[in-house]
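The lines below spell out each chain.
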Amino acid sequence: MSQYDQTTRTWSGPRQPPILNPAASLGQVIVNVLERTPEKVFQICADTERVMTCGELRTQMIRVALNLNKRYGVSRQDMLCMVVNNSACVTPVLLGCFLLGAPVHTLDASFERSDLVHLMGITRPKFVFCNDDNVPAVRQALAELSCDAQVIVLDKPETAKLLFDPVEGEAGYRAPYLGDSDKIVAVIVCSSGTTGLPKAVCLTHAQLIAPYPWLTNLGIDTVLCFSSLYWVSSFQMLMMTLFNGHKRITTSKPFSPEYAYELIVKFEVTNFFTPPPMLADLVAYCEAGQLTLPSLRVLGCGGSPLPESLRQRANALLQSNGKVFVGYAMSETGGIVSIDLFGKPNSAGILMANITARIANEDWDLLGPEEEGEIQVRYAHPFYGYYNNEPETQALHTFDGFIKTGDVGYFDKAGFLYITDRRKELLRYRGYQIAPAQLEAVLVELPGVKQAAVVGIPHPDPPHVDLATALVVTTSTRPAMDAEQLKAQFNEQLPDYKRLRGGLFFVDGLPRTTNGKLNRREAKQMALRLSQLYND
């Protein structure tokens, strides 16, 4: 259980040293782990059924590192970007970058040009890996940024030859030590935090190595995760698979409940990670067809609240020793903060090893058990910072080094964490994170719109995903247009997942705080009332 210290008013997970050395470089650790079991299957590509062993992965990542340096001139100082799906070649390319020590900014392959302009504009990469089908969006974004990054298309045969061809000296290759692993950035993932547009979260080599105080390396599990490398959960699953000697199923196809069920059954998947919206679809599909998931032993769920009823329905589909585990995490810690190992209803569980947490009120007073406030956490390997954004990095931390999560919750007397309120601005829809400020910026550019606020109202059905809902103050000269027409204009400019599924409502004014800022809590209540009136 999480241990409470009355003196410091903090809760702590167990103090356990990691099995693998977080002072080493990530490439050193991975090469060493892979060479122990060269014949063991590491990955099966569901798209092609191509099997990759640990020995093959080790050889390929070394070749990538050497060829990137020799043929492309990539060095440790270069920022790389990956805008790719989960194809079979992505893992050795990523691990090769780890060997070089070049930081990798990972983005989702489905992102449109405007998303890429903002996100690549933060890191301004020198090289961009992408797929053949998203080359136009990548090149358009780079042109808009006046960035001369070299584009490398991973799914072209000539690229595979350049990256994976044998290199002189590869047999005797030794992974280099890069320096202080708490200060060497391995990857950059994106987080919207509690305000504004997404920020670039720097994760260090130490943060990706350290969260494993217990490893099996028995290779008894088969792991499936649809998340792209844009999500920190994908890195967690990848590292867990690598370090435990598990087998990984990868696919470039998007999630659907039918396809997920097919893969789970075909490959006898034992460990599956999914956000609640995808879990809801999978459960409904299985229930409709009277299907079960007998191979699953661990069904991990995170990213948004999981309704207790949905967890119970999912548990009913698993084998007798299978179980749904709910995790609470944030990108800035590089790993899971807490996990529910005991199935306690509505709880985010107990703290993971080497995590310290506390609850603070708005006056920064520290609170005790059963008292609700902001959740603040600290990890043994500290958050390195947001890339090129020192003000936001400083704003995230307390004076004594805790991270302000922006989430509201409490610990009960037994040390279980409960999260009672969402981050105040970030919307989550079917696994996507949506920054309201980005949608608001599009709205205010529409004819006749004076002010706009976008909030999320929960879908009435589990798992209650956020439905983006707009409150609009119009000018006196706005065109003769009803709310549905304006919403249609907005939706035409954005990808499907950013559309206003909760509706658009005209209002006389937006609620404000005493210092003039938008009061999002009151705006959400206003949207809920208007939505109810509209539906009635």
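Everything here concerns the structure above.
Residues numbered from 1 in each chain as written. Predicted model: local features only at pLDDT ≥ 70, side-chain atom pairs only at ≥ 80, totals over all residues. Heavy atoms only, no water.

A word on the overall build of the protein chain. Counting secondary structure elements, the protein chain contains 15 helices and 27 strands. Relative to its length of 536 residues, the protein chain is compact, with a C-alpha radius of gyration of 23 Å against a globular reference of 24 Å. Based on the C-alpha atoms only, the size of the protein chain along its principal axes is roughly 70 × 55 × 55 Å. A buried classification covers 58% of the 536 residues belonging to the protein chain. In the structure as shown, the protein chain presents an accessible area of about 22700 Å², 51% of it carried by carbon and sulfur atoms. For the protein chain, the distance from the average site of its 49 positive side-chain charges to the average site of its 55 negative ones is 3 Å. (Helix = DSSP H or I, 4+ residues; strand = E, 2+ residues; numbered from the N terminus. Rg over C-alpha atoms; globule rule 2.2 N^0.38 Å. Buried < 20%, exposed > 50% of the residue type's maximum accessible area, 1.4 Å probe, protein only. Areas by Shrake-Rupley, 256 points an atom, 1.4 Å probe, with all protein chains shown as cover. Lys, Arg positive; Asp, Glu negative; His and termini not counted. Charge placed at Lys NZ, Arg CZ, Asp CG, Glu CD.)

On to the sheet that holds strand β17 (residues 350–351), then. A sheet is described by the order of its strands in space; here 9 strands give the open sequence β4-β3-β12-β11-β13-β14-β15-β16-β17, paired in mixed fashion. Strands at the two margins of the open sheet, each flanked by one partner only, are β4 (51–53) and β17. Alignment of strand β3 (residues 41–45) against β4, held across 3 bridges, turns out to be antiparallel. Directly across from I44, in β4, lies its bridge partner V51. The strands that helix α2 (residues 54–71) touches are β3 and β4; relative to β4, the one it contacts most, it runs at about 80 degrees. On top of the sheet, helix α11 (residues 308–315) reaches β15 (323–330) and β16 (335–340); it is set at about 135 degrees to β15, its chief contact. (Pairing = 2+ DSSP bridges. Contact = heavy atoms within 4.5 Å. Axes fitted to C-alpha atoms, helices over the stretch in contact; angles between N-to-C directions.)

Reading across the sheet, the 3 strands line up as β25-β26-β27 and stay open at both edges, with mixed pairing between neighbours. Lying at the two open borders of the sheet, with one neighbouring strand each, are β25 (449–458) and β27 (503–506). Put simply, the sheet's adjacent strands are angled 25 degrees from each other on average, direction ignored. Along the sheet, helix α13 (residues 436–443) makes contact with β25, β26 (466–474) and β27, crossing β25 at roughly 145 degrees. Along the sheet, helix α14 (residues 483–492) makes contact with β25, β26 and β27, crossing β27 at roughly 130 degrees.

This part takes up the state of the cysteines. By definition, a disulfide links two cysteine residues through a covalent bond between their sulfur atoms. Counted according to the given criterion, the structure contains 0 disulfides. Free of any disulfide, C54 has its nearest cysteine sulfur in C45, 17 Å distant. (Disulfide = S-S within 2.5 Å.)

Put simply, helix α4 (residues 113–123) and helix α5 (residues 135–145) touch, their axes get as near as 9 Å, and they point 50 degrees apart. As the angle between them shows, α4 and α5 are arranged oblique. Judged by the twist between their axes, the crossing of α4 over α5 is right-handed. Counting all contacts with α4, which are made through R113, L116, V117, M120 and G121, the residues of α5 involved are A137, V138, Q140, A141, L142, E144 and L145. (Parallel < 35°, antiparallel > 145°, perpendicular 65-115°, else oblique. Left-handed = near helix turned anticlockwise from the far one by under 90°.)

All right, on to the pairing of strand β9 (residues 185–191) then. By the criterion of burial, β9 is predominantly enclosed, with 7 of the 7 residues buried. Relative to β9, strand β6 (residues 104–108) runs parallel, the two being bridged by 2 bridges. Note that in β9 the partner of H105 across the bridge is I188. The pairing of β9 with strand β10 (residues 199–204) spans 6 bridges and is antiparallel. Counted as the bridge partner of V189 is V201 from β10.

Among all residues except glycine, the phi angle is most often negative; among peptide bonds, the trans geometry is most common. Phi at R124 is positive, roughly 45 degrees, even though this residue is not glycine. For R124, the location among the structural elements is in the loop between α4 and β7 (127–130). A relative accessible area of 40% places R124 in the partly exposed class. Even without being a glycine, E268 presents a positive backbone phi close to 50 degrees. With respect to the element layout, E268 can be found in the loop between α9 (257–266) and β13 (271–274). Take E268: its relative accessible area is 57%, and that puts it in the exposed class.

The terminal C-alpha atoms of helix α8 (residues 232–244), which comprises 13 residues, lie 18 Å apart, in line with the 18 Å expected from a rise of 1.5 Å per residue. Of all 13 residues in α8, 13 are buried, a share of seventy percent or more. The first or second residue beyond α8 is G245, which carries a positive phi of 70 degrees. (Expected span 1.5 Å × (residues − 1).)

Moving on to a nonpolar patch on the surface. Taken together, the side chains of M1, L341 and F342 define a hydrophobic patch exposed on the protein surface, amounting to about 300 Å² of accessible area. Assignment of secondary structure puts F342 in the loop between β16 and β17. The class of F342 is partly exposed, set by a relative accessible area of 47%. (Patch = residues over 30% accessible without salt bridge, like charges linked within 9 Å, V, L, I, M, F, W, Y side chains within 5 Å. Salt bridge = Lys/Arg side-chain N within 4 Å of Asp/Glu carboxyl O.)

A large share of β26 lies buried, amounting to 8 of its 9 residues. Relative to β26, β25 is paired through 9 bridges, and the arrangement is antiparallel. From the neighbouring strand, V454 faces β26, where its bridge partner is A470. For β26 and β27, the ladder comprises 4 bridges, and the chain directions are parallel. Paired with L471 across the strands is F505, a residue of β27.

Further remarks concern the packing of aromatic side chains. Throughout the structure, instances matching the rule amount to 13 aromatic pairs. Taking 5.4 Å as the distance between ring centres and 80 degrees as the angle between the ring planes, the aromatic pair formed by Y212 and F243 counts as edge-to-face. You can see Y212 sitting in the loop between α7 (205–209) and β11 (222–225) and its partner F243 sitting in helix α8, a full 31 residues away along the chain. Both residues of the pair, Y212 and F243, count as buried. Each ring, one from Y410 and one from Y418, has its centre 5.0 Å from the other, and the planes form 10 degrees; the classification is stacked. Residue classification places Y418 among the buried residues on the basis of a relative accessible area of 12%. Its guanidinium or amino end placed over the ring of Y386, K199 lies 5.2 Å from that ring's centre, counting from NZ or CZ. The residue whose ring lies beneath R358 is F402, and the NZ or CZ to ring-centre distance is 3.9 Å. (Phe/Tyr/Trp six-rings, centres within 6.5 Å; stacked < 30°, edge-to-face > 60°. Lys NZ or Arg CZ within 6 Å of the ring centre and 35° of its normal.)

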